[in-house]
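Structure at a glance
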There are 2 protein chains.
Amino acid sequence: MSTAEETTGGEAEPWDEVTPDAARRLLVAAVEAFAERGYHATTTRDIAGRAGMSPAALYIHYKTKEELLHRISRIGHDKALDILRTAAQREGSAKERLADAVSSFVRWHAGRRTTARIVQYELDALGPDARAEIVALRRQVDAEVRGIIEDGVAAGEFDVLDVQGTTLAVLSLCIDVARWFSVNGPRTPEEVGALYADLVLRMVGAKQPDRT
Amino acid sequence: MSTAEETTGGEAEPWDEVTPDAARRLLVAAVEAFAERGYHATTTRDIAGRAGMSPAALYIHYKTKEELLHRISRIGHDKALDILRTAAQREGSAKERLADAVSSFVRWHAGRRTTARIVQYELDALGPDARAEIVALRRQVDAEVRGIIEDGVAAGEFDVLDVQGTTLAVLSLCIDVARWFSVNGPRTPEEVGALYADLVLRMVGAKQPDRT
DNA sequence: GCCGACGGTGAGCGGGCGCTTAGTGTGGCC
DNA sequence: GGCCACACTAAGCGCCCGCTCACCGTCGGC
């Protein structure tokens, strides 16, 4: 098992950067509701109800429903980028770093599926300014993965015809885990992470595709 | 270029199985609107407006807004399944059939991105009965791809550790094209199809990964 | 013991939603 | 020409949405 992020899976919800307590409860309730039914199908009454509060309480801590989505999206993207950066900047061969990046990124998308779903699929519900901010973070995500693949190609470890296209495909593969993964399914986040790391090493033509 | 479905790309909208004409115009308008803003964020007034009709006209041809989504999803899944079946049942090695299946499936998801988006991402907006019908179609899609991979493994053409997991990943990769592909982007549907066919052959460990 | 700050509530506003209904213009058939 | 069938519209019903506002209980500071 890889080590960049040891406890990405599981069900603990580390929203501890959100204060005060009532604001965090509302945000966690919104994450559940948005992930279950989608942003547009979720009502502010539903969010407040899940947090055990009246509908009006939401507006003490957040200006609008969209601000809630923005905060969730921002925190989620920061976390995803942090996971990739940790893997990209560790020491080791490009093959090891890529396997680590993919397996920890996938573990996050599977284990924190609710957050990941919102982060990846509700971008269009944000207004122009918030969307631009998130899109910038996504470009950094792309750059981290592309960097590892470029390193591997330069070192002769990988055999890739189209670096940008392959980067896109690798990220796409990982992200889509949030769409299909189910906690009731037959696989754990760790198993999917290991399977995907192997598949991605094959995609980049890594020599001797061993396990990290 | 592969040949299973020669004109999957492009912008022609072959909804000709939908009659009468007014019903088709409404359905095409709904496809555009759902793909742009999502099912829940689309209003019946918007759909009718795009079709050049009054809001009430929608209800002459469709019982509810959900029936529109159901019809779109059903036709889209039928088409996707047809594309995969055509590739799976042609003659040739497992490698050729898999490359053909992936490249034509991807061309459809890229070239008919609006339909594919609705088909893949609005499943949860359907009621239980309609959803069950669509889920059954998806299982057939999975079975087609898994069948090709199993054939390749049995023939010694492929080297796959986890057939079901790899099938899942291959389909996931293709489907997610509908999320990120843009007609304004640097790639044509044909280019993405060719790139993805190559990547998938690498994922299944096909010997001598040539071009079909 | 009084007071202001603050987190919270109940009631409700303006508006847009999905959908319905009564009525209208038009074209085909005798 | 008379008539009906049918595709379509104008108007609007009942509902629930995001959000607001007047008010209230609690708690630390003096």
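Residues numbered from 1 in each chain as written. Chains lettered and ligands numbered in written order. Predicted model: local features only at pLDDT ≥ 70, side-chain atom pairs only at ≥ 80, totals over all residues.

An unreviewed UniProt entry lists chain A under the name TetR family transcriptional regulator, with Streptomyces spiralis as the source organism.

To continue, consider the overall build of chain A. Regarding its fold elements, chain A presents 10 helices and 0 strands. Reading the secondary structure of chain A in the N-to-C direction produces α-α-α-α-α-α-α-α-α-α. Computed over C-alpha atoms, the radius of gyration of chain A comes to 18 Å, within 12% of the 17 Å expected from 2.2 N^0.38 for 212 residues, which places it in the range of a compact globule. Dimensions of chain A along its principal axes, counting C-alpha atoms only, are 60 × 35 × 25 Å. Counting all 212 residues of chain A, 45% fall into the buried class. Excluding contacts between residues fewer than 6 apart, the proportion of contacts in chain A whose partners are at least 24 apart in sequence is 72%. (Helix = DSSP H or I, 4+ residues; strand = E, 2+ residues; numbered from the N terminus. Rg over C-alpha atoms; globule rule 2.2 N^0.38 Å. Buried ≥ 20, exposed ≤ 12 C-beta atoms within 10 Å, placed from the backbone. Contact = placed C-beta atoms within 7 Å.)

Around DNA strand D sit 15 residues, and of these Thr43 of chain A together with Ala22, Ser54, Ala56 and Ala57 of chain B come closest. Of the residues belonging to the surface near DNA strand D, the class tally is 9 nonpolar, 4 polar and 2 charged. (Near = placed C-beta within 6 Å. Nonpolar A, V, L, I, M, F, W, Y, C, P; charged D, E, K, R; others polar.)

The UniProt record marks residues 20-80 of chain A with the feature "domain: HTH tetR-type" (unreviewed entry), using the residue numbering of this structure. Regarding residues 20-80 of chain A, the helix share stands at 72% and the strand share at 0%, and the terminal C-alpha atoms are separated by 24 Å. (UniProt positions renumbered as here; feature names shortened; annotations may be inferred.)

Another aspect to go through is the environment of Ala125 of chain B. All names here are of chain B. Within the fold, Ala125 resides in the loop between α6 (113-121) and α7 (128-154). Judged by the 21 C-beta atoms lying within 10 Å of it, Ala125 is buried. Taking the C-alpha atoms as reference points, Ala125 and Tyr39, 86 residues apart in sequence, are found 7.4 Å from one another.

Let us look at the protein's contact with DNA strand C. Every one of the 15 residues lining DNA strand C counts as a neighbour, but Ala22, Ala56 and Ala57 of chain A together with Thr43 and Thr64 of chain B are closest to it. Across the surface near DNA strand C, the residue classes tally to 9 nonpolar, 4 polar and 2 charged.

Once that is clear, we can look at the confidence of the model for chain A. Looking at chain A, pLDDT values average 90 and 92% of them are 70 or higher. Low pLDDT, under 50, characterises residues 1-11 of chain A; the predicted model gives this stretch 26 contacts beyond four residues in sequence or across chains. (pLDDT = per-residue confidence, 0-100.)

Our focus in this paragraph is the relation of the copies chain A and chain B. With an axial shift of 0.0 Å and an RMSD of 0.0 Å, the rotation relating chain A to chain B amounts to 180°. Given the turn and translation reported, the copies of this chain are related as if by a two-fold rotation axis. Take the interface residues of chain A: 100% of them recur as interface residues in chain B, which is what a same-surface contact looks like. (Least-squares fit on C-alpha atoms with pLDDT ≥ 70 in both.)

Turning to the UniProt feature "DNA-binding region" (unreviewed entry) in chain A, a few remarks are in order. As annotated in UniProt, the feature "DNA-binding region" (unreviewed entry) corresponds to residues 43-62 of chain A in the numbering used here. Secondary structure within residues 43-62 of chain A divides into 55% helix and 0% strand; the distance between the first and last C-alpha atoms comes to 14 Å.

Let us now look at the interface of chain A and chain B. In this complex, chain A contributes 19 residues to the contact, which on the side of chain B involves 19 residues. Mapped by element, the contributors of at least two residues to the side of chain A that touches chain B are α8 (163-175) and α10 (189-203) of chain A. Among the elements that make up the side of chain A that touches chain B, the one with the highest residue count is α8 of chain A (7 residues). A breakdown of the residues in the side of chain A that touches chain B according to their chemical character gives 10 nonpolar, 6 polar and 3 charged.

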